[in-house]
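Residue-level listing of the chains:
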Amino acid sequence: MKILVIGNGGREHTLVWKLKQSPSVTQVFCAPGNAGTGLDVTNVAIKATDFPQLIKFAQTEKIDLTVVGSEVPLVAGIVDEFKKAGLRVFGPSKLAAELEGSKRFAKEMMAKAKIPTADFRTFKNAAEAMSYIDERENVERFVIKADGLAAGKGVVVCFSKIEAREAIKRMLIHKDFGAAGMQIVVEDFLVGEEASLLAFVDGTTIVPLEAAQDHKAAFDGDTGPNTGGMGAYSPIPIMTSEVVDVIVEKILVPTVHEMNKAGRPFSGCLYAGLMLTNQGPKVIEFNVRLGDPETQAVLMRLKSDLAQIMYAVADGKLDEIEPLEWDERSSVCVVMASAGYPGDYEKGKPLRGLEEAALVPDTKVFHAGTTQVGDQIVNDGGRVLGVTALGDSLAEAKLKAYQAVKYIRWDGAWCRKDISDKAVKR
Ligand code: AMP
Ligand code: GLY
């Protein structure tokens, strides 16, 4: 089987690394990929949004399965285009991808299907949004969200009505998020512990993966600005099998049903971003692809043949797949970032110590924002590496991951020092 993975982040490096291990896979390509995917598989210099060139490549190379990594091409309808061209592809259609592409659509779907989530209203008009906030007498904290895709930046958590008014103004009047923020969702702040549960879905069958916990804030102790994710670990002690059963029954099953009813059958990876509250798990958001850095932590523990699973999802035959097998060990992924991230940062700094880091046992350095320049690997993005390790306990996995991190240097490199501590403190 020949596979093409589309994307260039840490998630895509993890996907190609895992897919390549399948006995049935003969070749893996990554378009456009990064320096790390270039070391493990073959990079193809086509952008993730250049659908005609990607389709031409898949046809010429006789690709058996294309796996779309990121939400941008999915929301733009890449799966529909591949299917029209008669190509097998893993990922949701354009209509189903609206679950991530429009927060309003996702919230209205949840309301219809009675899926637990924060109370909300949607607005296009700033004055109306502000009077809604004023009317909510016993609520002080709100979360204001741009409706469309904003690369993880379109969410503002507000700890007072003053902050909420400010965020509404920025989105609807100053148009800070452009078209993505022309419409907003105003929702109540949820209190609890965050967790991500990903599931393979083929329109009917749902197969949950092991849960993972991301670290969205930039700095230790969950302080600082929101980022794409600074690290992850798996499993999460509080995500017991009972909690997972509740999430499947109250969230995943009704979502898959409702999407079918709406004529938007969901196929691919459904990612539920959850708040585990006193009243049970509630949905913060849905994504329509694997998470980053959750993928690094979760796929490191997957023993089953990922290519077979994704092939079955694409063909609507997920029910024919054996139950997933997991490594009992724990995994920790530490993201190393460029100086200045999540704000502006400089690119082109040479990375050192990757060979030494690779020698730490049970550890894999997944690349995200890297590129090859001559014989050097340099940083090319905000999140640069996802250093991921397995250990008999979370503490041991953490120790190994940070041991590998210590070997790696570039001008300005930094990371959080507390990835997975939340699990241990509990
Ligand atoms: P998102 O970019 O949608 O993942 O949101 C970014 C972060 O904002 C989430 O990881 C949460 O920490 C926080 N957040 C979003 N919605 C809520 C909510 N209703 N209550 C509390 N926190 C939230
Ligand atoms: N880890 C958050 C995301 O993938 O959206």
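Structural data are supplied above this passage.
Thresholds, definitions, all that
- Residues numbered from 1 in each chain as written.
- Chains lettered and ligands numbered in written order.
- Predicted model: local features only at pLDDT ≥ 70, side-chain atom pairs only at ≥ 80, totals over all residues.
- Heavy atoms only, no water.
- Near = heavy atom within 4 Å.
- Polar contact = N/O pair within 3.5 Å; in protein donor to acceptor, adjacent residues only side chain to side chain.
- Areas by Shrake-Rupley, 256 points an atom, 1.4 Å probe, with all protein chains shown as cover.
- Nonpolar A, V, L, I, M, F, W, Y, C, P; charged D, E, K, R; others polar.
- Helix = DSSP H or I, 4+ residues; strand = E, 2+ residues; numbered from the N terminus.
- Salt bridge = Lys/Arg side-chain N within 4 Å of Asp/Glu carboxyl O.
- Buried < 20%, exposed > 50% of the residue type's maximum accessible area, 1.4 Å probe, protein only.
- Axes fitted to C-alpha atoms, helices over the stretch in contact; angles between N-to-C directions.
- Parallel < 35°, antiparallel > 145°, perpendicular 65-115°, else oblique.
- Contact = heavy atoms within 4.5 Å.
- Pairing = 2+ DSSP bridges.

A.B. asks: I'm lost on the site of ligand 2 in this one. Help?
C.D. replies: All residues in the neighbourhood of ligand 2 are listed as D214, K216, G228, Y271, N287, R289, G291, D292, P293 and E294. The side chain of D214 places a nitrogen or oxygen atom 2.7 Å from a nitrogen atom of ligand 2. For ligand 2, a nitrogen atom lies 2.7 Å from a polar atom in the side chain of E294. For ligand 2, the accessible surface in isolation is 200 Å², of which the surrounding protein chains cover 91%. Along the lines of polarity and charge, the residues of the shell around ligand 2 split into 2 nonpolar, 3 polar and 5 charged.

A.B. asks: Looking at this structure, I do not really get the site of ligand 1. What am I missing?
C.D. replies: Near ligand 1 you find 16 residues, and of these K145, E187, L190, E194 and E285 are the closest. Here E194 contributes a side-chain N or O atom positioned 2.3 Å from an oxygen atom of ligand 1. For ligand 1, an oxygen atom lies 2.8 Å from a polar atom in the side chain of E285. For ligand 1, whose free accessible area comes to 480 Å², the fraction covered by protein is 92%. Sorting the residues of the shell around ligand 1 by element identifies β7 (142-146), β8 (155-158), β9 (184-188) and β17 (280-287) as the ones contributing at least two each. Grouping the constituent residues of the shell around ligand 1 by class yields 8 nonpolar, 1 polar and 7 charged.

A.B. asks: Please explain the pattern of salt bridges as it appears in this structure.
C.D. replies: Pairing of side chains with opposite charge becomes possible as their charged atoms draw close. Going through the model one piece at a time under the given rule, you end up with 28 salt bridges. Of the charged contacts in the structure, one is a salt bridge between E81 and K84, with a shortest N-O distance of 3.3 Å. Here K84 and E81 lie together in helix α5 (residues 78-84), a separation of 3 residues that amounts to about one turn. Judged by its relative accessible area of 32%, E81 is partly exposed. Classification of K84 as exposed rests on a relative accessible area of 66%. For K400, the salt bridge is made with D362, and the minimal N-O distance between the two is 2.9 Å.

A.B. asks: Can you help me understand the packing of helix α1 (residues 10-20) against helix α12 (residues 306-315) in this one?
C.D. replies: Each pair of packed helices gets described by two things: the angle between the helix axes and the distance between those axes. Contact pair α1 / α12: the axes reach a minimum separation of 7 Å and the direction vectors enclose 105°. Relative to α12, the element α1 lies roughly perpendicular. Taken together, the residues of α12 that come into contact with α1 (itself represented by L15, K18 and L19) are L306, A307 and M310. By residue class, the composition of the contact of α1 with α12 is 5 nonpolar, no polar and 1 charged.

A.B. asks: Please clarify how the sheet that holds strand β6 (residues 120-123) should be interpreted in this entry.
C.D. replies: Across a sheet, strands are paired by hydrogen bonds formed along the backbone, either parallel or antiparallel in direction. The antiparallel open sheet is built from 4 strands, whose spatial order is β6-β9-β7-β8. The strands lining the two open edges of the sheet, one partner per strand, are β6 and β8. When the angles between neighbouring strand axes are averaged without regard to direction, this sheet yields 20°. As paired strands, β6 and β9 are joined by 4 bridges and run antiparallel to one another. Paired with F123 across the strands is I184, a residue of β9. Docked against the sheet, helix α7 (residues 103-112) engages β6, β7, β8 and β9, running at close to 140° with respect to β6. Against the sheet, helix α9 (residues 161-173) contacts β6, β7, β8 and β9, and its axis sits at roughly 5° relative to β7.

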